[in-house]
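Close look at the chain arrangement
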Amino acid sequence: MARALCRALVLCAAAGLSPANALAQDADVPLSPQCDAPAALVPLEPLENAASSLQRGRVLRILAIGSSSTSGVGASSRAKSYPAQISGLLLQALRGVNVEITNRGVSGEVAKTAAERLKSEVALVKPDLVIWQLGTNDALARVPPAEVEETVSTTLDWLKENRVDIVLVGPQYTTRYARDPNYTAMREALRNVAAAHKVLYVRRFDAMQAIAHARASQEMMASDNFHLNDLGYQCMAEHIARAVVGGIFLRKFKPWSAGP
Amino acid sequence: MRKPNEIDFWRGFALVTIFVNHVPGLWFERFTFRNLSLSDSAELFVLLAGWSLRMVVDTQDAGLPIWRLVLRLGGRAVTIYAAQILITMVALALIAGASILFDSPVVLDWHNAGPVFVNPVEAHVGLVALTHQLGYFNILPLYVVLMFGAPLIGLVYRVARPALLPISLTVYFTTLALGVNLPTWPVEGRWFLNPFAWQLIFVLGFELGGRDGIARWAQGHRMALRWLAAPIVLAGAWAALTHWSPDPIDVPDPKLIFMFDKTFLSPARVIHVLALVATFAGAFAVLAGWLPRLARYFSMLGRNSLNVFCVGSVLSLAGQLLRFQLGGSLGIDAIVLLVGLFCMGVTAWVSEWRARSAAPLSSAPQQA
């Protein structure tokens with residue numbers, strides 16, 4: 001409640017102050033009817049660095065890293081992977097902003113390897129925002145959740161130190177593993193570490209499960225019932241884009257004397 | 001069949017190390033030199049490949065006209081390419097078979113194999129064009145590119161010998177300054193081992209494998225180089241033990257020159273592998289005295305390095321799959337190691353036996 005109030009206040013204060021803030025009023029990513037899911041599943045956290053980078057220049061640089069859901073296994077073409085789709089959605093929502101998205105997804109990768117790669121890629125690509133999709137391979141390889149929490153925690157600290165925002169994306173929902181204890185434990189570990197670091201976490205599993213329950217006949221998985229299909233990637237892109245836009249324009253309430 | 005010698009010995013050593021390193025989490029991994037070094041067996045393998053190329057160019061192909069040398073080296077590249085395709089297919093079958101056996105679609109995603117099964121049309125083009133590589137199967141594509149470039153190296157060597165290393169260094173530093181690499185396809189990305197950067201270590205091996213130029217100078221100053229190399233080796237060992245590496249964000253531009261990057265073969269890794277060579281060159285003579293059977297085994301592997309490498313790669317993947325299913329206990333790991341060493345040894349022995357049996361037949365008179 002207090003949060004909603006703060007948010008409303010910020011939006012009111014932001015309205016009509018500067019051209020960049022004028023975007024805040026109607027910047028939004030509409031969810032298509034097939035992808036509609038309760039907004040509460042993606043509680044927003046501010047993406048301060050991306051926001052200030054946008055104010056300084058009209059380019060938003062994003063690094064997408066993760067495993068097969070990032071590299072787009074199951075999509076009918078490269079243009080249907082979620083990073084490719086997000087680029088279009090963000091361009092529409094953030095009018096006048098150039099979005100550069102680099103896809104460094106490697107199918108089958110676990111969090112530890114991704115974390116090592118992430119540092120080099122961040123240094124070379126210099127993104128404002130990292131979208132890190134993880135959890136599935138670790139859960140199924142039976143990597144201890146505590147270990148993944150540790151790896152992610154260290155990486156989140158490093159990113160914060162170097163002023164790079166991050167959005168975490170959790171494992172997908174699939175009936176195959178919905179009741180697998182390792183899978184559930186991994187999801188919980190990721191939720192915990194995201195909450196501890198106050199980092200935006202897209203609860204893909206919950207969103208997809210809600211959609212599956214609301215529209216059971218809608219097929220979002222490829223034939224192996226493990227990877228996403230085109231519709232699955234579309235919904236994933238929409239939810240992540242919505243979270244990114246929301247996070248960029250959500251700012252912690254600051255007294256205006258402190259400056260923008 | 002050559003007698004055990006230093007190059008074959010270290011090649012065999014590199015092959016065994018690669019096998020162990022390609023089963024992540026294997027209990028015996030702690031004994032590989034990667035834990036005490038900034039470079040690993042990949043650098044050693046490519047260095048020695050360049051070294052062997054020099055020995056071939058200087059001896060067997062010494063008298064050949066340039067166009068025949070080019071054809072010979074190109075032919076060798078095709079052989080390595082064929083090996084890459086063969087082991088990739090076997091690896092894909094292992095992964096597919098494992099996913100059926102374990103009833104687990106997640107295995108199909110391993111090592112970048114996902115696109116091959118879910119997006120086969122583009123992935124197969126990529127597999128043949130070497131733009132889609134499986135994880136842990138990246139050395140041979142690099143080797144193929146280097147060998148297709150070997151005629152160029154041979155040409156420069158014949159025509160303008162002093163220019164070879166400067167050209168190589170120019171390409172190397174330009175690559176690191178600009179961050180250039182070959183793209184992967186259909187998955188967006190870059191080659192795991194950048195041929196433009198790794199050609200340096202290949203050319204360095206080529207230079208060091210000769211009898212003149214840098215090689216002769218190095219031979220003449222061995223003690224001095226050994227003293228120079230010692231602190232580098234120790235510094236590298238300390239950095240590896242403490243898992244220290246420069247924070248990629250904090251280093252000055254061009255970042256790739258100061259990071260410890262394997263894809264772009266950062267200078268730290270090149271310097272370290274050269275320091276290792278300076279330190280351990282000549283150690284074979286001592287080791288052959290203490291452990292003659294080990295020396296013979298490693299040398300046998302090294303003499304047949306392509307075949308052994310292929311078998312080792314496939315077996316390491318099999319080891320990974322086995323450990324995935326059964327968990328990685330000391331017992332399982334020991335079985336994986338022993339089976340691997342045994343099969344690699346058998347491969348080398350059978351390769352030599354075939355070569356020996358083929359020889360008298362080829363000189364037998366043709367039947368009418």
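Everything here concerns the structure above.
What this report covers is the structure whose coordinates are included nearby. (Residues numbered from 1 in each chain as written. Chains lettered and ligands numbered in written order. Predicted model: local features only at pLDDT ≥ 70, side-chain atom pairs only at ≥ 80, totals over all residues. Heavy atoms only, no water.)

To continue, consider the overall build of chain A. Summing up its helical and strand segments, chain A has 11 helices and five strands in all. A sequence separation of at least 24 residues applies to 80% of the contacts in chain A between residues at least 6 apart. Summed over all atoms, the accessible surface of chain A reaches about 11300 Å², with 54% contributed by carbon and sulfur. (Helix = DSSP H or I, 4+ residues; strand = E, 2+ residues; numbered from the N terminus. Contact = heavy atoms within 4.5 Å. Areas by Shrake-Rupley, 256 points an atom, 1.4 Å probe, with all protein chains shown as cover.)

Attention shifts here to the overall build of chain B. Each helix and strand in chain B was counted, giving 16 helices and zero strands. Here the C-alpha atoms of chain B give a radius of gyration of 21 Å, agreeing with the 21 Å that 2.2 N^0.38 yields for 368 residues. Along the three orthogonal principal directions, the C-alpha set of chain B runs to about 75 × 60 × 45 Å. Sorting the 368 residues of chain B into buried and exposed places 51% on the buried side. For chain B, restricting intrachain contacts to residue pairs at least 6 apart in sequence, the fraction spanning at least 24 positions comes to 76%. Accessible surface, chain B: about 17300 Å² in total, of which carbon and sulfur atoms supply 71%. Positive and negative side-chain charges in chain B, numbering 25 and 19 respectively, have mean positions lying 14 Å apart. (Rg over C-alpha atoms; globule rule 2.2 N^0.38 Å. Buried < 20%, exposed > 50% of the residue type's maximum accessible area, 1.4 Å probe, protein only. Lys, Arg positive; Asp, Glu negative; His and termini not counted. Charge placed at Lys NZ, Arg CZ, Asp CG, Glu CD.)

Here the focus is the nonpolar core. Counting residues in each nonpolar core, the largest one holds 180 residues, and the members touching the most others are Leu90(A), Val130(A), Ile131(A), Trp132(A), Leu168(A) and Ile248(A). With 12 residues, helix H11 (residues 230-249) of chain A is the largest single contributor of residues to this core. (Core = buried A, V, L, I, M, F, W, Y, C linked by side-chain atoms within 4.5 Å.)

Next up on the list: the state of the cysteines. What we call a disulfide is simply a covalent bond connecting the sulfur atoms of a pair of cysteines. Counting across every chain of the model gives one disulfide over all chains. A sulfur-sulfur separation of 2.0 Å characterises the disulfide bridge that pairs Cys35(A) with Cys235(A). Handedness of the Cys35(A)-Cys235(A) disulfide follows from its S-S torsion of about -70°: it is left-handed. Here Cys235(A) lies in helix H11 and Cys35(A) lies in the loop between helix H2 (19-26) and helix H3 (48-56), a separation of 200 residues in the sequence. As a non-bridged cysteine, Cys310(B) has Cys343(B) as the owner of its nearest cysteine sulfur, 14 Å distant. Using a relative accessible area of 11% as the deciding quantity, one classes Cys310(B) as buried. You can call Cys343(B) partly exposed: its relative accessible area is 24%. (Disulfide = S-S within 2.5 Å.)

Our focus in this paragraph is the interface of chain B and chain A. Taken together, the contact pairs 29 residues of chain B with 29 residues of chain A. Roughly 2300 Å² of surface becomes buried between chain B and chain A when both sides are summed, with 54% attributable to carbon and sulfur atoms. Connecting chain B to chain A are three salt bridges. Note that Arg176(A) and Asp103(B) form a salt bridge whose closest N and O atoms lie 3.7 Å from each other. Linking chain B with chain A are 10 residue pairs in polar contact (both at pLDDT 80 or more). Elements with a minimum of two residues in the side of chain B that touches chain A: helix H4 (114-118) and helix H11 (255-258) of chain B. (Buried area = accessible area lost by both parts, 1.4 Å probe. Salt bridge = Lys/Arg side-chain N within 4 Å of Asp/Glu carboxyl O. Polar contact = N/O pair within 3.5 Å; in protein donor to acceptor, adjacent residues only side chain to side chain.)

Moving on, we come to the packing of helix H13 (residues 283-290) of chain B against helix H14 (residues 292-303) of chain B. Residues and elements named next belong to chain B. At their nearest, the axes of H13 and H14 sit 5 Å apart, and the two run at 120° to each other. Taken together, the axes of H13 and H14 lie oblique to each other. The residues of H14 that touch H13, namely those facing Phe284, Leu287, Ala288, Gly289 and Trp290, are Pro292, Ala295 and Ser299. Per-class residue counts for the contact of H13 with H14 are six nonpolar, two polar and no charged. (Axes fitted to C-alpha atoms, helices over the stretch in contact; angles between N-to-C directions. Parallel < 35°, antiparallel > 145°, perpendicular 65-115°, else oblique. Nonpolar A, V, L, I, M, F, W, Y, C, P; charged D, E, K, R; others polar.)

This part takes up empty space enclosed by the protein. Over the atoms rolls a probe the size of a water molecule, and in doing so it shows where empty space is left. For the structure on display, the rule yields five cavities of 30 Å³ or more. There is about 140 Å³ of room inside the largest cavity. Around the largest cavity, the lining residues are Ser71(A), Gly72(A), Val73(A), Ala75(A), Ser77(A), Arg78(A), Pro115(B), Asn119(B), Glu122(B), Pro186(B), Val187(B) and Glu188(B). By residue class, the composition of the lining of the largest cavity is five nonpolar, four polar and three charged. (1 Å grid on protein atoms, 1.4 Å probe; cavity = no way out; pocket = protein on both sides within 12 Å on 5 of 7 lines; lining within 4 Å. Points joined across faces, edges and corners; volume = space filled by probe spheres on them.)

Once that is clear, we can look at the pattern of salt bridges. All names here are of chain B. Enumeration according to the criterion identifies 19 salt bridges over all chains in this entry. Between Arg303 and Glu352 there is a salt bridge whose closest N-O contact spans 2.5 Å. Here Arg303, found in helix H14, pairs with Glu352, found in helix H16 (residues 330-362); they are 49 residues apart in sequence, far enough to count as distant. You can call Arg303 buried: its relative accessible area is 17%. A residue is classified by how much of its surface remains accessible, and Glu352, at 8% relative accessible area, is buried. One connected set of salt bridges, linked through shared partners, spans Glu29, Arg34, Asp40, Glu43, Lys262 and Arg269.

The next point concerns the packing of aromatic side chains. Taken as a whole and judged by the stated rule, the model has 22 aromatic pairs over all chains. Considering the side-chain rings of Tyr297(B) and Phe298(B), the 6.0 Å spacing of their centres and the 40° angle between planes classify their relative orientation as tilted. Under the relative-accessibility criterion, Tyr297(B) is labelled partly exposed at 21%. Centre to centre, the rings of Trp349(B) and Trp353(B) are 6.5 Å apart; their planes meet at 10°, and the pair counts as stacked. Highlighted residues: Trp349(B) and Trp353(B), both in helix H16, separated by four residues, approximately one helical turn. Judged by its relative accessible area of 45%, Trp353(B) falls in the partly exposed class. One cation-aromatic arrangement involves Arg187(A) over Phe205(A); the distance from NZ or CZ to the ring centre is 3.6 Å. Positioned above the aromatic ring of Phe206(B), the side-chain terminus of Arg54(B) is 5.2 Å from the ring centre. (Phe/Tyr/Trp six-rings, centres within 6.5 Å; stacked < 30°, edge-to-face > 60°. Lys NZ or Arg CZ within 6 Å of the ring centre and 35° of its normal.)

It is worth spelling out the layout of surface pockets at this point. All names here are of chain B. Considered as a void within the structure, the second largest pocket measures approximately 1400 Å³ in volume. If you trace the second largest pocket, you find 50 residues lining it, with Trp51, Leu276, Val277, Ala278 and Ala281 closest to the centre. Elements that contribute at least two residues to the lining of the second largest pocket include exactly helix H1 (6-21), helix H2 (41-58), helix H8 (195-208), helix H9 (214-220), helix H10 (222-241), helix H12 (267-280) and H13. Top element by residues in the lining of the second largest pocket is H12. It accounts for eight residues.

With that settled, consider the environment of Ala359(B). Residues and elements named next belong to chain B. Along the chain, Ala359 turns up in helix H16. For Ala359, a relative accessible area of 43% translates into the label partly exposed. For Ala359 and Val125, which are 234 residues apart along the polypeptide, the C-alpha to C-alpha distance reads 38 Å.

Attention shifts here to the pairing of strand E1 (residues 59-66) of chain A. Residues and elements named next belong to chain A. For E1, the tally of buried residues reaches six of eight residues, placing the bulk of the element in the interior. The pairing of E1 with strand E3 (residues 129-133) spans four bridges and is parallel. In the sheet register, Ile62 faces E3, and the bridge partner there is Leu129. (Pairing = 2+ DSSP bridges.)

With that settled, the discussion passes to the side chain of Ser266(B). Residues and elements named next belong to chain B. Mapped onto the elements of the fold, Ser266 is located in the loop between H11 and H12. A relative accessible area of 0% means that Ser266 is categorised as buried. Look past the residues within four positions of Ser266 in its chain and what remains in contact with it is Tyr172, Leu256, Met259, Phe260 and Asp261.

Geometric descriptors of this kind do not, in isolation, establish any biological role.
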